[in-house]
Each structure stands twice: as structure tokens, then as C-alpha cells.
Amino acid sequence: INKLVAMEPASRTKPTDTEIQSFYKNNPDQFKAPETVSARHILVLKNKGDSEETLRKKREKAESIRKQLVGGADFAELARTSSDCPSKSNGGNLGSFSRGQMVKPFEEAAFKQKKGEIGPVVQTDFGYHIIQVLDHVPPKTMPLDGDMKTKIAAYLTQQKRYAAFNGLMERLKAKANISIAEKLD
């Protein structure tokens, strides 16, 4: 089928710069990068069945860790020694994330926080988090650079191949004598 479609003239034409620019201009939503935050955190884990007293002590522990951080303690070191999250081996670093990737209270706190700030203790179903935002990148439109032009050209080439295939199929159907046998009981 690919060889047959490749013989179609329409499938062999490469997208022009004008077609690429037109596609980019007419589909702006496809080229938006979402707002992202890079953050690290320290987690004091809550366990199912923790008593009110245990939860209070865990909250106090999180508040104590936060005070140490605000006082100048090394975040990465405290994360390694005090966090209950697997990210502790990376100094609590969670990398970059966009909205919808973290639990709601954590996400809301991280996206409201200023870069470099040690935020207040945030409670989620997982436990108590102390968050530090390392970077905050606002939403942006990706530029029409060489890499983007290559991706758009590949997409438009695929669209041309698809259209060529459909055109070929229509022509073959028009020339064919197709009959459908009646269903026997």
C-alpha cells in the first residue's frame, strides 16, 4: 500500500515554507507550552489509621523542618535526612510539572509560591509538604524554529499521503465493479 501511495504525485510533494507557516499561524493552540513549575519538597508521610495525636506530631515535625529551612538550613540535606518521599535521594527535587500532574493542594501551593521561597506547610492525602519553587515558567507559544518546522513538515507530509491514499481509493472504487452478495437465510 505504501508503494502504491508513493506513486501518487500528491504524496511526493514536500510542504512548502508557506504551507508550514500557514499551518503554524492557523493552529496556535497546538503550539502553546503550558505553565510549569520546578520544585523540591520534603514530605512527612501520613499513614492510614494515624491517630489525631500522631497527625499532630507529624504536623509539628513538618513545621519544625520548615523553621530550619527558613533559618537557612540546606534544603537538599534536610530532604535527604528528613523526607519520607523517594525524591529525598535527589534532595527532594521533583523536576518540572504542569497543572494537573500533582494533587490539588500541592499544585495550588506550588503555582502560587514565589521562586526560591519556602512555602507554608501544605497538607495533602500523602502527608505534610514543605515546598520550595526552583523555577516558574509562564505559558508560552513555542517559536517557529527549525525543529518546529521539521515537525510541522512531517505532519503535513503525512496528511498529504493520507489524502493521496483516499484519492487513490476513490478512483479505484469508481473503476471497480463492486457487487454485494445477498445474504442467504
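Provided above is the structure to which this section pertains.
**Some remarks on the environment of Q123**
- Tracing the sequence through the fold places Q123 in strand 4 (residues 122–123).
- On the accessibility criterion, Q123 (41% relative accessible area) is partly exposed.
- Between the C-alpha atoms of Q123 and A62, which are 61 residues apart in sequence, the distance is 10.0 Å.

**A word on the sheet that holds strand 5 (residues 127–137)**
- One open sheet accounts for 4 strands, arranged 3-2-5-4; its pairing is antiparallel. The open sheet has two edge strands with one neighbour each: strand 3 (93–98) and strand 4.
- As paired strands, strand 2 (residues 36–45) and strand 5 are joined by 10 bridges and run antiparallel to one another. Along strand 5, the bridge assignment pairs V44 with Y128.
- Sheet contacts for helix 5 (residues 75–82): strand 2 and strand 5; angle to strand 2, the most-contacted strand, approximately 40°.

**Some remarks on the environment of A163**
- In this fold, A163 is placed in helix 7 (residues 146–175).
- For A163, a relative accessible area of 48% corresponds to the partly exposed category.
- Along the primary structure A163 and V5 are separated by 158 residues, whereas in three dimensions their C-alpha atoms are 9.7 Å apart.

**Things to note about the nonpolar core**
- Of all hydrophobic cores here, the largest spans 13 residues; its most connected members are I42, A62, I65, L69, Y128 and I130.
- At the level of elements, strand 2, helix 4 (52–70), helix 5 and strand 5 are the ones that each hand at least two residues to this core.
- A62 has contacts with V44, V121, Y128 and I130, leaving out every residue within four places of it along the chain.
- Grouped together as the second largest cluster of nonpolar side chains are 10 residues, F106, A109, A110 and I131 included.

**Brief notes about the pairing of strand 2**
- In terms of burial, strand 2 is a largely internal element, 7 of the 10 residues being buried.
- Alignment of strand 2 against strand 3, held across 5 bridges, turns out to be antiparallel. Residue pairing for strand 3: A39 is matched across the bridge by G95.

**Some words on a nonpolar patch on the surface**
- Residues L4, M7, M169 and L172 make up a contiguous nonpolar surface patch of about 360 Å² in total accessible area.
- Turning to its location among the elements, L172 is positioned in helix 7.
- Accessibility expressed as a relative area gives 42% for L172, which makes it partly exposed.

Rules behind the numbers
- Residues numbered from 1 in each chain as written.
- Predicted model: local features only at pLDDT ≥ 70, side-chain atom pairs only at ≥ 80, totals over all residues.
- Heavy atoms only, no water.
- Helix = DSSP H or I, 4+ residues; strand = E, 2+ residues; numbered from the N terminus.
- Buried < 20%, exposed > 50% of the residue type's maximum accessible area, 1.4 Å probe, protein only.
- Pairing = 2+ DSSP bridges.
- Contact = heavy atoms within 4.5 Å.
- Axes fitted to C-alpha atoms, helices over the stretch in contact; angles between N-to-C directions.
- Core = buried A, V, L, I, M, F, W, Y, C linked by side-chain atoms within 4.5 Å.
- Patch = residues over 30% accessible without salt bridge, like charges linked within 9 Å, V, L, I, M, F, W, Y side chains within 5 Å.
- Areas by Shrake-Rupley, 256 points an atom, 1.4 Å probe, with all protein chains shown as cover.
- Salt bridge = Lys/Arg side-chain N within 4 Å of Asp/Glu carboxyl O.

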